[in-house]
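Fold and geometry: a report
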Amino acid sequence: MMKKHLVMAVVPFLAFGCGDDLVDADGDGIADGVREPDTVTVVTPANPKGTVSGQVLSTDLRPLTEVTVEMTIGSSAEPVSAVSDAKGNFTYKNVPAGSHVLLTFSKAGYATLRATAQVPSSAGNVPINNGNASFGPITLARLDGTLNFLVVTPQGRPAAGVRATLEATPVGAISNGDASSSMVSSVVVEATANEQGLLTFTGIPSASELARLRNGDGEYKLWVSPMDANGDGIPETGGYVSTYYGAEVVANSTTRLISLPYSRPQNVPLSIESSNVASLRGGGADFHPLRNLVRVGEPIHLFFNQPIQQGSLSVLMTGENAAELLPVTTNVANGGYSATINPGGAIADGKEYNIDVRAVSAEGGSMYSRTGFFFTGDASAVRQMSIVESKYEEVSAVGTLGADQLNSGERVFLSFNHPITRPSNVSGHVYAHVNWDIGGATPGVIGDYAGEVGHPMGFPLIEEEPTIPPRTGTRQELPAFSIIKSGYTTRWVFTYFGSNLIPSTSFANFEIVVKFSALPSRSINGTYENYMGQPLVLDLAKTGLVQLPALAASP
């Protein structure tokens, strides 16, 4: 108990006839000189005390029992602890007046709240004696929520291993606290994306919990760290920061897609927002080979701007010439927001492939259809180029004059082992030459006739990128599906002109040389390149010639 030093004011009864020497000059009802002091005053105790109290509730205003309430007085005192009762109430007594107190509210499965206040300096004064630092009602949010984000790199691959932090705030409130009170209440959790780029945050307030706090303005703030996938200390992607309000998440609880560092479009038709095959993307399609490069054994990743219907994903794939369908398997994940295409052993290193993708949105039913292409290989690998096949297209029917020989005006097709291109800044074409006497004034001399090895002029080599399969027999095949040109191809052609005809009996020793080293003004206007962007400056040769029979007449 507090010891209070009180001076009691005594008002004696003034009896009539007791004499006129007793005077109450100051009019306080006490005869002057009877008692000192002779006035009634408020007297401050030597050690005035007050109380700290409050009530703890859940966000739906139900009392929370067995909440641990830890109190620290000042900055150096040892904390003391109490527990809320069945009605959520707690009280600390005998708290020194004027004290600054810190209370920490904690309960398993609920967010922790920290609040400060000051016990009134008038605590314990007579006749006040009721100084109280009032906390409450205090509300604490349950930590039973989960929030998911799907994160992809700017190159369209899952951001596997990317680290992120989510802060939910506020996760508690003081509804009618004392004017001197303040609080800190937030929950911070970390997560690491799995191999599909999925971030899952648990142990946080649900969106409905946050929506009940601060008039629906409770929020999640997300920080995605810059990503250093190869561990060289240089991040390949920037970070990402955004805020999501609890009421907003209640209204739209779908998994949110984060494409680093780009924003996700809203209210648009179904589209592929990101992919490591950039030619398949929606409005941001990119046709450069290095942005359509897939390593052998690596899946093709698709990230949609909205979920697709299960079973609606259709994928067709062919080789460069669209001759036949190749086997693929598909897998839709993350609630329809992403998919993987696995070509498996159907693809080989250093080639070009065509791909057709179709899917239907689960939100509105819009359909996405896109034909693209991709190349296989490792961007760091140097490609050694070669000519793997040479064929000529016979125009004469079997048994007719001029058949079974390379005649002037017939076309010769060359197939390279990897796709190549003639960049737009290159003027003219490289020449193909033959190491054969195809004309000239002196029989048996090679180099005195245009098109022969050693002559400055040759046969211009023209790109012949297929949109239909190159024919292999006497009839033209149809493509497996309609394909688009990439600007890179393994198939090139020149038209043979010579005064000497080459009989089929000489095809085995017939040599063709492509003079990449002799491209006119090469140092000024650039060079032919392979699909990796590596320049072609060395001559390539191929010995032998295969005949394509003349097309059969239409029935």
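Residues numbered from 1 in each chain as written. Predicted model: local features only at pLDDT ≥ 70, side-chain atom pairs only at ≥ 80, totals over all residues. Heavy atoms only, no water.

1. Concerning the pairing of strand β22 (residues 338–342)
β22 sits mainly inside the fold: four of its five residues count as buried. Direction of pairing for strand β19 (residues 300–304) relative to β22: antiparallel, over a ladder of four bridges. Paired with H301 across the bridge in β22 is T340. (Buried < 20%, exposed > 50% of the residue type's maximum accessible area, 1.4 Å probe, protein only. Helix = DSSP H or I, 4+ residues; strand = E, 2+ residues; numbered from the N terminus. Pairing = 2+ DSSP bridges.)

2. Description of the environment of N334
Note on placement: N334 falls in the loop between β21 (329–333) and β22. Setting aside its immediate chain neighbours within four residues, N334 contacts L150, Q196 and L198. Among the polar contacts listed, one links the side chain of N334 to the side chain of S338, at a separation of 2.9 Å. (Contact = heavy atoms within 4.5 Å. Polar contact = N/O pair within 3.5 Å; in protein donor to acceptor, adjacent residues only side chain to side chain.)

3. Focus on the pattern of salt bridges
All chains considered together, the criterion is met by 13 salt bridges. Taking the shortest distance from any N to any O, the salt bridge between E298 and R295 comes out at 3.6 Å. Of the charged contacts in the structure, one is a salt bridge between D356 and R358, with a shortest N-O distance of 3.3 Å. Classification of R358 as partly exposed rests on a relative accessible area of 39%. A network of salt bridges, in which partner residues are shared, links R157, R295 and E298. (Salt bridge = Lys/Arg side-chain N within 4 Å of Asp/Glu carboxyl O.)

4. Notes on the sheet that holds strand β12 (residues 187–192)
Whenever strands of a sheet pair, they do so through backbone hydrogen bonds, lying parallel or antiparallel. Ordered in space as β12-β9-β14-β15, the four strands form an open sheet in which the pairing is antiparallel. Of all the strands in the sheet, the pair left with one neighbour each is β12 and β15 (240–245). Across this sheet, the average inter-strand angle for adjacent strands is 20 degrees, counted without regard to direction. Taken together, the six bridges between strand β9 (residues 163–169) and strand β14 (residues 219–224) define a ladder with antiparallel strand orientation. If you follow A164 over to β14, its bridge partner there is V224. (Axes fitted to C-alpha atoms, helices over the stretch in contact; angles between N-to-C directions.)

Any functional reading would require information beyond the geometric quantities listed.
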